[in-house]
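# Structural features, examined
The residues making up each chain are set out below.
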Amino acid sequence: MNNGVLAGKTILELGSMIAAPFATHILQQMGATVIKIEPPAGETTRKLVRGGPSGSYLAFNRGKKSLCLDLQSEQGRTVFNRLVEGCDIIVHNLSPSAARKLGATYKDCAKRNPEIIFCHIKGYGAGPLEEEVASNPIAEAATGVMFSNRVDGRPSRLGPSYHDQFAGCYAVIAVLSALLSNDPAKRNIELGLYETGLHIAARDLLGVQLKSQLLGRPETEPSAEFSIPGYGAYETKDKRWIYLVMLTDDHWRRFCAATDIPPDPALQGLRDRRRARPRVEEMVTRAVAAHNFEALTKKLSSHGIGFTEILSADKVLEAPQAKAADKTSAFDFGDYDFTSPDFPIPPLLRSEGRADAPPLLGQNTSEILKNLGYDDDAVDAMLKAGAAVEANRDKTLWSKPSQTGQLDRRAGD
């Protein structure tokens, strides 16, 4: 049985929201055992939807073990230190000040385990802001993404938390690199959301530099779309939205052939079509609107044109491509059924525990404490003192929707 390429590795996660939990989610899917250490109130994403877990919690904490500790208590810190001594990797996204307060810095942990691989995902890397707190939208705002993404003229965050998730991916790359290296310096990993955002924005930042120099004047705003006619979203006759990709002259010729648009020498080149943008956009809009979606996509596919339907989130996992080749795992949680996409490289995935639900808060507290050598009396004493918390399996996770069926969805999901 394949238990993943990281089988046998134990990871401690001190994570909240998305960046660190997303990193350890990938590592768990690759076979590692992840112990998620949470404060008595639980991490933030446990309470974002009607007082219960959000989509972020459900998606990125599957198969982990939950140990609920008060790390501000002496007993809680003692347990944490014991865990550090026996684990392989630590991933957290605490603020720098919180990490120091809780004894969760690289210096603290390396004293107890010199071989530890330690990954701290921070708001900012080295620089004047390195002690400041930052989140996904702050990184978007500071690195140019939000400036060009506007709703009714107001700069707005993107929907998904891409900066958090990119930071999680970069953290995984760094952890795997440290596992492959004999260099102790590579075991102390610091990664900033801001610096992640800079790297993600590199194409746009260099594009602005290029345009500014070509035009001889400052160019400040990258376009949210490529400035190419026929590239974008169009509505079909049966009111479905399709996204077309027409980057080259060959793409344009294929589209015209597929939709019976007569060849026009005046529109042969990209520069020609850019000069005639309103006319080209009107031609594409009319051609798409003349076809029902299914008929149009058959023609586009037969001519090798890139396209997809623009789907709402409730329809994404119903698509035949999403359902093919075992791309998702189904699990039950809190009397509800869920289906979640898996890490998209199947040969690296564990088989055992792949479809496990996320843990209740403190679900594995007693089990982990006993594995550390605490007897029943010591565990009970810790629970009574509040240094550790065990799961309340009878607690209702979500309050029921109102009569209108609307959920109270807050920022961060």
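This text gives an overview of the structure that appears in the document. Every value quoted in this text rests on a predicted model; they were computed, and no experiment measured them. (Residues numbered from 1 in each chain as written. Predicted model: local features only at pLDDT ≥ 70, side-chain atom pairs only at ≥ 80, totals over all residues. Heavy atoms only, no water.)

Moving on to the sheet that holds strand E3 (residues 65-69). One open sheet holds the 7 strands; their spatial order is E8-E5-E4-E1-E2-E3-E14, and the pairing between them is mixed. This sheet does not close on itself; its edge strands, each paired only once, are strand E8 (188-192) and strand E14 (388-389). In this sheet, E3 lies alongside strand E2 (residues 33-38) in parallel orientation, the contact comprising 4 bridges. Paired with Ile37 across the bridge in E3 is Leu67. Relative to E8, helix H9 (residues 193-200) is tilted by about 65 degrees, and along the sheet it contacts strand E5 (117-122) and E8. (Pairing = 2+ DSSP bridges. Helix = DSSP H or I, 4+ residues; strand = E, 2+ residues; numbered from the N terminus. Contact = heavy atoms within 4.5 Å. Axes fitted to C-alpha atoms, helices over the stretch in contact; angles between N-to-C directions.)

A word on helix H14 (residues 293-302). Those residues of H14 that fall on the buried side of the exposure criterion are Phe293, Leu296, Thr297 and Leu300. Projection of H14 onto a plane perpendicular to its axis shows the buried side chains occupying an angular sector of 95 degrees, all on one side. Exposed and facing more than 90 degrees away from the buried side of H14 are Lys298 and Ser302. Along its buried surface, H14 packs onto strand E10 (241-245), helix H11 (249-258), helix H13 (277-289) and strand E11 (306-309). Count one or two residues on from H14 and you reach Gly304, which has phi positive near 70 degrees. (Buried < 20%, exposed > 50% of the residue type's maximum accessible area, 1.4 Å probe, protein only. Arc of directions from axis to C-beta.)

With that settled, consider the state of the cysteines. As enumerated under the stated definition, the model contains 0 disulfides in all. Summary of cysteine pairing: Cys119 is not part of a disulfide, and the nearest cysteine sulfur, belonging to Cys169, is at 12 Å. Relative accessible area serves as the criterion here: at 0%, Cys119 is assigned to the buried category. (Disulfide = S-S within 2.5 Å.)

This part is about the sheet that holds strand E9 (residues 232-235). Read from one edge of the open sheet, 3 strands run E9-E10-E11, paired in antiparallel fashion. If you trace the sheet from one side to the other, it starts and ends with E9 and E11, each paired once. On average, each strand axis in the sheet is tilted by 30 degrees relative to the strand beside it, whichever way the strands run. Pairing analysis gives 4 bridges linking E9 to E10, with the strands arranged antiparallel. For Ala233, the partnering residue across the bridge sits in E10 and is Tyr243. The strands touched by H14 within the sheet are E10 and E11, with E10 carrying the most contacts at an inclination of about 15 degrees.

As a packed pair, helix H1 (residues 19-29) and helix H8 (residues 162-180) sit with axes 8 Å apart at the nearest point and diverge in direction by 50 degrees. In terms of orientation, H1 and H8 fall into the oblique class. In this structure, H1 meets H8 at a crossing whose hand is right-handed. In contact with Ala19, Phe22, Ala23, Ile26 and Leu27 of H1, H8 contributes Asp164, Gln165, Gly168, Cys169, Ala171, Val172, Val175 and Leu176. When grouped by side-chain class, the residues that make up the contact of H1 with H8 number 10 nonpolar, 2 polar and 1 charged. (Parallel < 35°, antiparallel > 145°, perpendicular 65-115°, else oblique. Left-handed = near helix turned anticlockwise from the far one by under 90°. Nonpolar A, V, L, I, M, F, W, Y, C, P; charged D, E, K, R; others polar.)

A few words now on the nonpolar core. One recurring pattern in soluble globular proteins is that nonpolar side chains are buried together. Counting 30 residues, the largest nonpolar core has Ile11, Val91, Cys119, Ile121 and Val175 as the members making the most contacts within it. Of all the secondary structure elements, the ones that give two or more residues to this core are H1, helix H2 (55-60), strand E4 (89-92), E5, H8 and E8. Take this core: its biggest share by element is 6 residues, from H1. Among residues more than four places away in sequence, those in contact with Val91 are Ile11, Leu12, Glu13, Leu14, Ala20, Ala23, Thr24 and Cys119. With 26 residues, the next largest nonpolar core counts Ile35, Ile37, Ala110 and Ala387 among its residues. (Core = buried A, V, L, I, M, F, W, Y, C linked by side-chain atoms within 4.5 Å.)

In the structure shown here, the tally under the stated rule is 26 salt bridges. Arg112 is paired through a salt bridge with Glu85; the nearest N and O atoms lie 3.4 Å apart. Placement of the pair is Arg112 in helix H5 (residues 106-112) and Glu85 in helix H3 (residues 74-86), with a sequence separation of 27 residues. Overall, the relative accessible area of 41% leaves Arg112 in the partly exposed class. With a relative accessible area of 45%, Glu85 lands in the partly exposed category. For the salt bridge of Asp376 with Lys370, the shortest nitrogen-to-oxygen distance reads 3.2 Å. Relative accessible area serves as the criterion here: at 47%, Asp376 is assigned to the partly exposed category. The exposure class assigned to Lys370 is partly exposed, which follows from its relative accessible area of 43%. Taken together, the salt bridges that share partners define one network made up of Glu13, Lys36, Glu43 and Lys64. (Salt bridge = Lys/Arg side-chain N within 4 Å of Asp/Glu carboxyl O.)

It is worth spelling out a nonpolar patch on the surface at this point. Judged by side-chain polarity, Tyr162, Phe166 and Ile200 come together as a nonpolar surface patch covering roughly 250 Å² of accessible area. Looking at the element boundaries, Tyr162 is found in helix H8. Its relative accessible area of 41% is what places Tyr162 among the partly exposed residues. (Patch = residues over 30% accessible without salt bridge, like charges linked within 9 Å, V, L, I, M, F, W, Y side chains within 5 Å. Areas by Shrake-Rupley, 256 points an atom, 1.4 Å probe, with all protein chains shown as cover.)

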